[in-house]
Amino acid sequence: MAKLKTVLHPKTNSNGEKSYRLALRVTVNRKRSYYHLGYNIDPVDFDEKAEKIKNTHPKYAQLNRIIRKKYDALDDVIFESKTLQTPLTAKQIVDSIRTSTNKNQSFFDLANEHVADLRKLGKHNRAISDNSKVNRIKEFTGNSNLTFQEIDEAMLKRLKIYLQISNDLSERSVMNIYVLIRLLFNTAIRRGIVDQKYYPFGVGKVKIKYPESEKIGLNRNEILAIEILELEKNTLIWDTKNIFLFSFYLAGIRVSDALRMKWKDIVDDRLYYKMGKNDKRDSLRLPDKAIKIINLYKKSEKSNKGYIFPFLAGMDEKNSKAVYSRIKTNTKKINNYLEQIGQKAEIKKKITSHIARHSFGQIAGDKVSPQRLQKLYRHSNLNTTIGYQSNFDHTETDEALNNVLDF
């Protein structure tokens, strides 16, 4: 006899991080199959006994409607199978509604759903970026009903040529679009929209490989030149110098994260914060130089509405769209002022907010172990750290070159 239950299906990724996928579980003769509803749910928001989402979740009403709709569809299949005395396996029951529900869903249907979910989650930067990628694909195909089966190796190669010639996109930008297509393809396979055999990526097919990019940071003397640069206090260019150095002192944290930081995030000279890019939480002990900078703003705590730096003063942190817009505007201002700071400090390299991270990497060189740098950079994978740091550590090759030419 088939049993149907709404559950959270746990999944552990390669980094050991666990997520819980909202799913309907069908059990037949002790064998299980899952129909995933496309949402990850925190267990605190799920009522296991009632098999529904609690009202603590912001989308509980919508999710409970989805659960009921899919639950009823599966229950109908089970009832019909019992009535007609045609036994079905758990997988056959789940596959029956996958086919009927998803067979007409196009690539752009799923893409629009993806972008809408990002906006609902407050990830506006990525939503705007991914929506732009989707529009470029739509311009190329001219087909709003593009199916996943149509996205084969030949189509992807034509898309690449179109993007590079007609849109003047770099190899890296094209790879970013490929990554989005791959993400949506994997989602479509999980939902039963398209069969695995149509997957166009992987061994012997289309490969996603990013080109090497040149990363140049400031050296020790250039950072010192910025540190000693005299600027009028309580001006935007003075604030820009301070937030740039603060970012550098903390291993190049992103300027968007530094802008969001509040005094409440600091406890016993230790910073606790959540990275905006991937929502990972981290903690760093503030170096003396970083403490010296934030102490310049201690008297402004009230006027800055709790923010350490004044750029987001008066912003409601719960209004993610408005915060994103303010951060985007201020990041442009900061980069403009950094250009002026570079000129005043007589630094010939182009300085942007992201250069703080490259500068830390360049000065760190081979002085710090990759394992410790991995923690400082907040990388999930050690190989990412090693690859990133290789952009700055040229000691061995420099010495080898000198040894060959020493005659």
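Residues numbered from 1 in each chain as written. Predicted model: local features only at pLDDT ≥ 70, side-chain atom pairs only at ≥ 80, totals over all residues. Heavy atoms only, no water.

Is there a simple way to explain the packing of aromatic side chains in this structure?
Aromatic ring pairs: the centre-centre distance and the angle between the two ring planes describe each pair. Evaluation of the coordinates by the stated rule reveals 11 aromatic pairs. Ring plane angle 70 degrees and centroid distance 5.5 Å describe the contact between Phe107 and Phe148, whose orientation is recorded as edge-to-face. Here Phe107, found in helix H3 (residues 107-120), pairs with Phe148, found in the loop between helix H4 (124-141) and helix H5 (153-165); they are 41 residues apart in sequence, far enough to count as distant. Look at Phe107 and you get buried, because its relative accessible area is 0%. Members of the aromatic cluster, joined through ring pairs, are Phe107, Phe108, Phe148, Tyr178, Phe185, Tyr199 and Phe201. Here Lys138 stacks its cationic end above the ring of Phe108, 5.0 Å away from the centre of that ring. (Phe/Tyr/Trp six-rings, centres within 6.5 Å; stacked < 30°, edge-to-face > 60°. Helix = DSSP H or I, 4+ residues; strand = E, 2+ residues; numbered from the N terminus. Buried < 20%, exposed > 50% of the residue type's maximum accessible area, 1.4 Å probe, protein only. Lys NZ or Arg CZ within 6 Å of the ring centre and 35° of its normal.)

When you look at the sheet that holds strand E7 (residues 270-274) in this model, what are you seeing that I'm missing?
Through backbone hydrogen bonds, the strands of a sheet pair up, either in parallel or in antiparallel fashion. Strand order in the open sheet made by the 3 strands is E6-E7-E8, with antiparallel pairing throughout. Of all the strands in the sheet, the pair left with one neighbour each is strand E6 (266-267) and strand E8 (281-285). In this structure, E7 lies alongside E8, joined through 5 bridges in antiparallel fashion. When the sheet's bridge partners are listed, Arg270 is paired in E8 with Arg285. (Pairing = 2+ DSSP bridges.)

Got a minute to help me understand the packing of H3 against helix H6 (residues 171-191) in this structure?
Axis separation between H3 and H6 bottoms out at 10 Å; the angle between their running directions is 105 degrees. By the angle class used here, H3 and H6 are roughly perpendicular. Between H3 and H6, the residues in contact are Phe107, Leu110, Ala111, Glu113 and His114 and Leu180, Ile181, Leu183, Leu184, Thr187, Ala188 and Arg191, respectively. (Axes fitted to C-alpha atoms, helices over the stretch in contact; angles between N-to-C directions. Parallel < 35°, antiparallel > 145°, perpendicular 65-115°, else oblique. Contact = heavy atoms within 4.5 Å.)

Would you mind showing me how to read the packing of helix H8 (residues 236-249) against helix H10 (residues 288-295) here?
Relative placement of two packed helices is described by the angle separating their axes and the distance separating the axes. Remark: H8 packs on H10, axes separated minimally by 9 Å, with the N-to-C direction vectors making an angle of 155 degrees. In terms of axis orientation, H8 runs roughly antiparallel to H10. Note on packing geometry: the crossing formed by H8 with H10 is left-handed. Across the interface between the two elements, Asn242, Leu245, Phe246 and Tyr249 of H8 pack against Lys289, Ala290, Ile293 and Ile294 of H10. (Left-handed = near helix turned anticlockwise from the far one by under 90°.)

Just checking my understanding: could you explain the pairing of E7 for this structure?
Consecutive side chains of a regular strand alternate in pointing toward one face of the sheet and then the other. The alternating pattern of E7 places Leu271 and Tyr273 on a buried face and Arg270, Tyr272 and Lys274 on a face that is not buried. Direction of pairing for E6 relative to E7: antiparallel, over a ladder of 2 bridges. Looking at the pairing, Val267 lines up with Arg270 of E7. Taking the residues that link successive antiparallel strands as the turn, the E6-E7 hairpin has 2 residues, and the phi of Asp268 there is positive, at about 55 degrees.

It is not clear to me how the environment of Phe201 should be interpreted in this structure. Could you clarify?
Note on placement: Phe201 falls in the loop between H6 and helix H7 (220-227). Residues Phe201 and Leu156, 45 residues apart in the sequence, show an inter-C-alpha distance of 9.8 Å. Residues in contact with Phe201, not counting those within four places in the same chain, are Leu156, Tyr178, Ile181, Arg182, Val206 and Ile208.

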